[in-house]
Structure formats: C-alpha cells, structure tokens
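Results of the structural survey
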Amino acid sequence: MNPRTPRTGRRLAVTAAVAAFVVCTAPASAAPLVVENWVGDSPYFSSTGAPGGSPEPVSQTGAEDGKALRMRLNPKPAAGPGGGVEIASNDKSYGYGTYGTRIRTAVCTGQGRVGVVTGTFTYAADHSDANGNGVPDNDEIDVEVLCAQPHVLWLTIWTDYGESTGQVRKISRALDMRTGEVLYNCFVTQLGGQCTDPKEGENSPESVTPIEGFNSATQFHTYMFDWQPGSVTFWTYNDDGTKNILWDYRGPANRIPHKPSAFMQNVWHTNSWDPLDGPAHEQPQSATTAYIDSTTLPR
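Residues numbered from 1 in each chain as written. Predicted model: local features only at pLDDT ≥ 70, side-chain atom pairs only at ≥ 80, totals over all residues. Heavy atoms only, no water.

In the nomenclature of an unreviewed UniProt entry, the protein corresponds to GH16 domain-containing protein from the organism Streptomyces rapamycinicus.

Below, the structure written as structure tokens:
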C-alpha cells in the first residue's frame, strides 16, 4: 500500500446538526477514550479536501444511533489516496493509546475486480530519517480492507518508506475472518520484495476466532488497536462482546512507530495492490461508499 500525505483540511459540516461525543468508560489504569458518533460537525476531524468525494453525516440503518459518516468515493477516481475521500484528525500529535472505528467498508458488488481500499490509520511522515537507517521515516498503523476481498482484514505497521526507491520497513498481516486463518504475516524491506523470517513476537496469535459469514462491506464491525512503545495489539469483538485478538505484535521496538501522528480514515482507488486471490486494479465506474458509525481516539 502506498503511504499518503495529509492535505490542508476543511471542517466537516452539515446544516441543522451539531457534534456529539461521549467519553467511554475504561479500566482505571487506562486513559478515557473519546468517541465521535458522526451526527454532525466534528470537533475532532476535518475533511482533507481530497477530490474523490465528500464525507457527510447521514441517517444509516445498522448504525448504533441511526447516524453515520458517509464516505462516498466518486465514480472514476484518480488512483492513489490523493484521489480519494479522506478525513484527518485536527490534532496531529496523537501518540500511544487506543484507536478504533465501527465501520461498514466500501462495497463494489457488480463492478468486477475494482481496486478500492477502505482504511483506518495513524499517520506521520515528515520524510526525515530520525531512526538513521537510510530510508525516509513513515510512521503508520493501518487497518485496511480491499473491496474485492471484504472477508479479509489487512493490518500493517510501517516505520519507513522511500517513494523513489521502494525501500520500506513494514510488517503486514492478512486474516480471513470467515475461517480465522492467518493468510500472510510478512516483514519486508522492499516493496514487492521477499518476506524476512518473523522475529519472536511478530506472528501471534497463529489463528483468530472465525466470524461466520463475515463481510466487512455488508455489516458494521468494530476494529480497534492499542499502540504502545513495545507493542501494537489489534482486535475486533465476538458476538458475545468479548475481544477477538487479531494481532498481538510484540516484535522489535524499532519496527513500531513512535512519532506524533494524525488519525485518519479514507476510501480510495488502488491500481497496484493485489489481494491474495488475484489482481483487482480496475477503476470503479460508479460510486462506492463506506459508512463510519463511530471513531475512537485516545484523550
């Protein structure tokens, strides 16, 4: 996946509505969380002005409060995140803590093998080389779904990306949520390059609890991650409300981001990222839409 650069934002707005947020309960040892429920103007997020579409709070069946942020990707968008629809936190200095979204990802039914990504992620890229490894820094933690495989979750942790060379430092995990199988768990130093052998703590758990009939594009699901100096833990929830741990990453600390970051969500067209069952590069010819029911931020 190609990194993206946040654009100058504009405030999300909708007439005759006001912003709403709640402070979630949390364990005494944890900081409280802020949840944006997307019923109107947001005090936390702005649209980045990406040309591919506009986010808008709307009434939506399946949302817990009946409202959601519609992320509509226009027909025939330019390839890349810059041609998509995107929101970014107004605060670009978020750090360690818990992040998440309750979302129904973009649906591409009837459009063939189109390349559309729905993403939720932290992001910081000043193109410096603070870690001194010779590759520009790109600090990022992603939860992403490809429209062609709505049953597969892609989780990725980045620390570096050189656009001109394709050099990277990133580790990715792909999960088939219908079966609980880990399809891919790979650290690479070059885009398209070979996986290196996983280090201790980089491939756990070896499988996850399957969710029968899982389809991220037709059902709302919650995806969370907790980012700490020595770990990044991703989870969703089982039907009984218990945590379903998707990835408990506890590998080398230099493979974990450490820079202050924005928190972002987007929908965009990719013409170069293949899912695991074959190419899906086609440009969507009609609109594709994701719905964000709520977004969780550390306070």
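1. Things to note about the pattern of salt bridges
Using the following cut-off: When a carboxyl oxygen of Asp or Glu lies within 4 Å of a side-chain nitrogen of Lys or Arg, that pair is called a salt bridge. Numbered from the N terminus, helices here are DSSP runs of H or I no shorter than four residues, and strands are runs of E no shorter than two. With a 1.4 Å probe rolled over the protein chains alone, any residue whose accessible area is under 20% of its type maximum counts as buried; one over 50% counts as exposed, and the rest are partly exposed.
The tally for this structure, following the rule as stated, stands at 9 salt bridges. For Asp293, the salt bridge goes to Arg102, with nearest N and O atoms at 2.6 Å. One end of the pair, Asp293, is in strand β18 (residues 288–298); the other, Arg102, is in strand β8 (residues 97–104), and 191 residues separate them in sequence. Taken individually, Asp293 and Arg102 each receive the classification buried, so the pair is uniform in this respect. Note that Glu202 is salt-bridged to Arg255, the shortest N-O span being 2.8 Å. Of this pair, Glu202 sits in the loop between β13 (181–190) and β14 (221–228) while Arg255 sits in the loop between β16 (243–249) and β17 (262–269); the two residues are 53 residues apart in sequence, bridging distant segments of the chain. An identical accessibility class is assigned to Glu202 and Arg255; each is buried.

2. With respect to the side chain of Thr98
So the rule is basically this: Contacts are assigned to residue pairs that have any heavy atoms within 4.5 Å of one another.
With respect to the element layout, Thr98 can be found in strand β8. With relative accessibility at 15%, the residue Thr98 sits in the buried group. Setting aside its immediate chain neighbours within four residues, Thr98 contacts Leu33, Met224, Phe225, Asp226, Trp235, Thr296, Leu297 and Pro298.

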